[in-house]
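Residues per chain, in single letters:
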Amino acid sequence: MYDLIIVGAGTAGLSAAIYGVRAGKCVLLLEEKVYGGQIISASAVENYPGIRHISGYEFAEELHRQATELGAELKYEKVREIRKHSGFMTVKTGRGAYDCRAVILATGAKNRQLQVEREKELTGAGVSYCATCDGAFCKGKNAAVVGGGNTALEDAVFLSGYCQKVYLIHRRKEFRGEERLIQTLRGKENVELMLESQVVRLNGERHLESVVVRNDRTGKERELSVTALFIAIGQVPDNRAFADLVSLDAYGYIEAGEDCRTSSEGIFAAGDCRTKTVRQLATAAADGAAAAVAACSYIQ
Ligand code: NAP
């Protein structure tokens, strides 16, 4: 019997694990893929209080080391179901079933798809959702980034150091991300900002060769010769496995307040998977702490 099972080993989940084990609880983290969550693919983190500069990978490494050295157990298993019994719960994965007294859902969110034809087919063959992972393949070549948030802006800054030319395509007149990043991009000779524009076609036989971009104001289409398209248009949650157990909002996020309590007693939600206005590294870590404290007090 575990005291606490945490579903998801991203920033929120690992932070919750640190608080859980430090409160003397027996903690199991269940992660479907790799620990670290979304931050693992960020080239640089410069807005986490107290750390001036760190790569996303290093940040995730440190967090993982801290949680596991303190005693949290981590298993790579996908959670399929949670069953409630009187006074405890069973978390079922593809490989086993684990009993616990409280659960923290820290499932994060997944990359949103652009929904352009051939996107799936060319993923891994020029289409990517992670500039940090795949940027090096574009050395000396042309690449495009789509999106207007911090991820897209940071990706474009990062790629401008590798690529001959970077096109940043955004559907609005203005970017949504930080002004500091926009100014950095405006100062780069090899970056072209394409506003009020959308990617409408992907060309290439086995590998991406070009993208067609339509300017929504003029209606004109332009073909860009690129070997990579980085899609950075935000995230969507995937909480379907828990839909019968906890209330979700219209977008699929788990309804929970600042105390991370869900509609279901003993189940807490932390980080990007829950309803909230600010989804940042700092707020994910803060949620992990709040959820673990609430879960520990529930257990007691
Ligand atoms: P985001 O802020 O939600 O931005 C997503 C962007 O993609 C928006 O500009 C949106 O356009 C655009 N978009 C959405 N759907 C689209 C579609 N179907 N076609 C074309 N464009 C589409 O996502 P994010 O940049 O991944 O950032 C997520 C959160 O993480 C944010 O809070 C961000 O500040 C944070 N973040 C922080 C850092 C950092 O601080 N170092 C780094 C990365 C991310 P609209 O503007 O029209 O909605």
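Residues numbered from 1 in each chain as written. Predicted model: local features only at pLDDT ≥ 70, side-chain atom pairs only at ≥ 80, totals over all residues. Heavy atoms only, no water.

Chemist: Explain the domain arrangement of the protein chain to me, please; I cannot follow it from the model alone.
Modeler: Interfaces are frequently sized by the accessible area removed from exposure as the parts join. The domain boundaries assigned to the protein chain delineate domain 1 (2–111 + 235–299) and domain 2 (119–231). Between the C-alpha centres of domain 1 and domain 2 there is a distance of 32 Å. Counting from both sides, the interface comprises seven residues of domain 1 and, opposite them, eight residues of domain 2. Here domain 1 and domain 2 share an interface that buries about 540 Å² over both sides, 43% of which is from carbon and sulfur atoms. Together, Ser-41, Ser-43 and Asn-111 form the three largest contributors to the area buried by domain 1 at its contact with domain 2, with a combined 65%. The interface formed by domain 1 and domain 2 includes one salt bridge. One salt bridge connects Glu-46 with Arg-180, and the closest N-O pair in it is separated by 4.0 Å. For the side of domain 1 that touches domain 2, the class distribution of residues is two nonpolar, four polar and one charged. (Domains from an automatic or database assignment. Contact = heavy atoms within 4.5 Å. Buried area = accessible area lost by both parts, 1.4 Å probe. Salt bridge = Lys/Arg side-chain N within 4 Å of Asp/Glu carboxyl O. Nonpolar A, V, L, I, M, F, W, Y, C, P; charged D, E, K, R; others polar.)

Chemist: How should the environment of Arg-206 be read in this particular structure?
Modeler: Its place among the elements puts Arg-206 in the loop between β12 (197–203) and β13 (210–215). A relative accessible area of 77% means that Arg-206 is categorised as exposed. Between the alpha carbons of Arg-206 and Leu-185 there is a distance of 31 Å; along the sequence they are 21 residues apart. (Helix = DSSP H or I, 4+ residues; strand = E, 2+ residues; numbered from the N terminus. Buried < 20%, exposed > 50% of the residue type's maximum accessible area, 1.4 Å probe, protein only.)

Chemist: Can you walk me through the site of the ligand in this structure?
Modeler: Inspection of the region around the ligand gives 17 residues, with Asn-47, Thr-151, Arg-172, Arg-176 and Gln-280 positioned closest. Within the side chain of Asn-47, one N or O atom sits 2.3 Å away from an oxygen atom of the ligand. Between Gln-235 and the ligand, the recorded distance is 3.4 Å, taken from a side-chain N or O atom to an oxygen atom. Here the ligand loses 79% of its free accessible area of 910 Å² to cover by the protein chains. With three residues, helix α4 (residues 150–160) is the largest single contributor of residues to the shell around the ligand. (Near = heavy atom within 4 Å. Polar contact = N/O pair within 3.5 Å; in protein donor to acceptor, adjacent residues only side chain to side chain. Areas by Shrake-Rupley, 256 points an atom, 1.4 Å probe, with all protein chains shown as cover.)

Chemist: It is not clear to me how the sheet that holds strand β9 (residues 142–146) should be interpreted in this structure. Could you clarify?
Modeler: Hydrogen bonds between backbone atoms are what pair the strands of a sheet, whose relative direction is either parallel or antiparallel. If you walk across this open sheet you meet the five strands as β8-β15-β9-β10-β11, and the pairing is parallel. Here the strands that pair on one side only, and so sit at the sheet edges, are β8 (127–128) and β11 (191–194). Across five bridges, β9 lies against strand β10 (residues 165–169) in parallel orientation. By the bridge assignment, Val-146 is partnered in β10 with Ile-169. Seen against the sheet, α4 touches β9, β10, β11 and β15 (228–231) and runs at an angle of roughly 170° to β10. (Pairing = 2+ DSSP bridges. Axes fitted to C-alpha atoms, helices over the stretch in contact; angles between N-to-C directions.)

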